[in-house]
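Fold and contact review
Spelled out, the chains give:
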Amino acid sequence: MIHICICDDSDAMRDELCGLIQELCQKHSIAASVSCCSSGEELLFDPDDKNRTTDIFFLDILMKKLNGIETAAKLRAINPTAQIIFLTVSKEHVFEALDVMPLHYLLKQDMRTEKIEKVFLKAVSLAEKGRKEKFTYKFGKTIGSVLLTDIIFFEVKNRIIEIHVKAGPPIEFYGNISDLEQQLPPESFHRVHRSYIVNFENVDYLSGKEFVCIDRTVIPIGQKYADSREHYQNYLLNGLSMV
């Protein structure tokens, strides 16, 4: 399901856009949820961390206090891959908006044209592609995601799984390693030990019965997972893990 948020200080515009999006979703058989808010402050007050997993934001540029561009800059810090579409009545702020990497700059007078359909479908396509490139986790009330390419390895510690990433401390969530295996792309992620799943993309080298990761962590190959060596060699040779 695609998660969409509309932020505009005009009740009429929010209602119109929400209706249009629902029509487009029905027309193209897109499963989506749509939420709305009336200001940047309301959007950024997010105790449930919904902004981290929202796929598409429609942001009005000219809002009171915190404008759309300022709001987008704050969103980018917590959700760098979200698709942002700006709404405005003129092109006056188009160059200023480029700093926050929006997908598009949509004039409100174009709402009832084919343009919004093209922009929306492109946003959905990019969001679906981005989801395949991210791992989403939940820990308590915190929901977040991390790019697969940033993950070095997963480590199980009792009921808690740690995600070790290229930058920053490990990220924790509750999970089962067997279930986790099924969620990850087998092309690059492989279970090498009862407590470890390694991202071959971020392995520096294989030494005997150990993988040495790019962060210098040494991960042992479990006795039951001796074929990990062959999987890794195949990955290096062909860019694919064995299945």
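Everything below is about the structure printed above this text.
What you are looking at is a predicted structure, and each value in this text was computed from that prediction instead of being measured.

**Quick notes on helix α3 (residues 68-78)**
Of the residues making up α3, those classed as buried are Gly68, Ile69, Thr71, Ala72, Leu75 and Arg76. Take α3 and look down its axis: the buried residues cluster within an arc of 150 degrees, on one side only. The opening residue of α3, the one whose side-chain oxygen lies 3.0 Å from the backbone nitrogen of Ile69, is Asn67.

**A short note on the side chain of Asn199**
Its place among the elements puts Asn199 in strand β12 (residues 196-199). There is a polar contact of 3.2 Å between the side chain of Asn199 and the backbone oxygen of Leu148. Apart from the residues lying within four places of it in its own chain, the contact partners of Asn199 are Leu148, Thr149, Ile151, Ile152, Ser188 and Phe189.

**Some thoughts on unusual backbone geometry**
In this structure, Lys65 is a non-glycine residue whose phi angle is positive, near 55 degrees. Inspection of the secondary structure assignment puts Lys65 in the loop between β3 (56-60) and α3. Positive phi is not limited to glycine here, since Asn158 has a value of about 60 degrees. Here Asn158 is to be found in the loop between β8 (151-157) and β9 (160-165). By relative accessible area, Asn158 is classed as exposed at 75%.

Analysis parameters
- Residues numbered from 1 in each chain as written.
- Predicted model: local features only at pLDDT ≥ 70, side-chain atom pairs only at ≥ 80, totals over all residues.
- Heavy atoms only, no water.
- Buried < 20%, exposed > 50% of the residue type's maximum accessible area, 1.4 Å probe, protein only.
- Helix = DSSP H or I, 4+ residues; strand = E, 2+ residues; numbered from the N terminus.
- Arc of directions from axis to C-beta.
- Polar contact = N/O pair within 3.5 Å; in protein donor to acceptor, adjacent residues only side chain to side chain.
- Contact = heavy atoms within 4.5 Å.

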